[in-house]
Amino acid sequence: QVHVVESGGGLVQFGGSLTLSCTTSGIIDHIHNVAWYRQAPGNQREFVADIFANDLKKYSESVKGRFTISSDNALNTVYLQANSLKFEDTAVYFCAAQVRISTGEVREYWGQGIQVTASS
C-alpha cells in the first residue's frame, strides 16, 4: 500500500507565507514525480506545481515567482513554500504522487487535501 499525506496548512495573512509538506510512504520502488493541485469552493481543481525525480520543476503561471517546490529526501517528502499569499490562493491543496510500486506497476496516489486560507 502507498499513502500520501499533506501537512502544514492553515490561516495566513495576505502577503504572508507558509510551507506545505507532502509525505509518500509504503512499499515503493521509485517515485516518478510529485505534484500539487488546489481547488477553491465553486472552482475546478487546478495545477499548482510539480517536481520530478530528475529535479525538474514546473509551476503554473498563477504561482510562478511566489511558490517554490522542493524535496530534501528524494521525493519521499516534498515541500511547497508559498510566499506573498493572495486571496485567490485560498483553497484546499492536494498532493499527488506517481509511483512505481514493487510489482512494477505505475500508479498515482492522492492525499486527502489540506486547507490554506489567506485573509486580512
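Here's a quick rundown of the structure.

Cut-offs applied
Residues numbered from 1 in each chain as written. Predicted model: local features only at pLDDT ≥ 70, side-chain atom pairs only at ≥ 80, totals over all residues. Heavy atoms only, no water. Disulfide = S-S within 2.5 Å. Helix = DSSP H or I, 4+ residues; strand = E, 2+ residues; numbered from the N terminus. Buried < 20%, exposed > 50% of the residue type's maximum accessible area, 1.4 Å probe, protein only. Phe/Tyr/Trp six-rings, centres within 6.5 Å; stacked < 30°, edge-to-face > 60°. Lys NZ or Arg CZ within 6 Å of the ring centre and 35° of its normal.

**Quick look at the state of the cysteines**
Phase 1: Going through the model one piece at a time under the given rule, you end up with 1 disulfide.
Phase 2: One disulfide bridge connects C22 with C95, the sulfur atoms lying 1.8 Å from each other. Residues C22 and C95 are joined by a disulfide whose S-S torsion is about -80°; by sign, that bridge is left-handed. Linking C22 in strand β3 (residues 18–26) with C95 in strand β9 (residues 91–101), this pair joins segments that are 73 residues apart in sequence.
Phase 3: C22 gets classed as buried once you look at its relative accessible area, which sits at 1%.

**With respect to the packing of aromatic side chains**
Phase 1: If you walk through the whole model with that rule in mind, you get 3 aromatic pairs.
Phase 2: A centroid spacing of 5.8 Å and a plane angle of 75° characterise the contact between Y37 and F47, whose relative ring orientation is edge-to-face. Here the residue Y37 occupies a position in strand β4 (residues 28–39), and F47 occupies one in strand β5 (residues 46–52), the gap between them amounting to 10 residues.
Phase 3: In this structure F47 comes out as partly exposed when scored by relative accessible area, which is 28%.
Phase 4: Plain terms: the ring middles of F94 and W110 are 6.4 Å apart, the flat faces sit at 65° to each other, and that makes the pair edge-to-face. Pair noted here: F94 is in strand β9 and W110 is in strand β10 (residues 106–110), with a separation of 16 residues, a long-range link.
Phase 5: Grouped by ring-pair contacts, the aromatic residues Y37, F47, F94 and W110 constitute a single cluster.
Phase 6: Over the face of the ring belonging to Y37 we find R45, whose NZ or CZ atom lies 5.6 Å from the ring centre.

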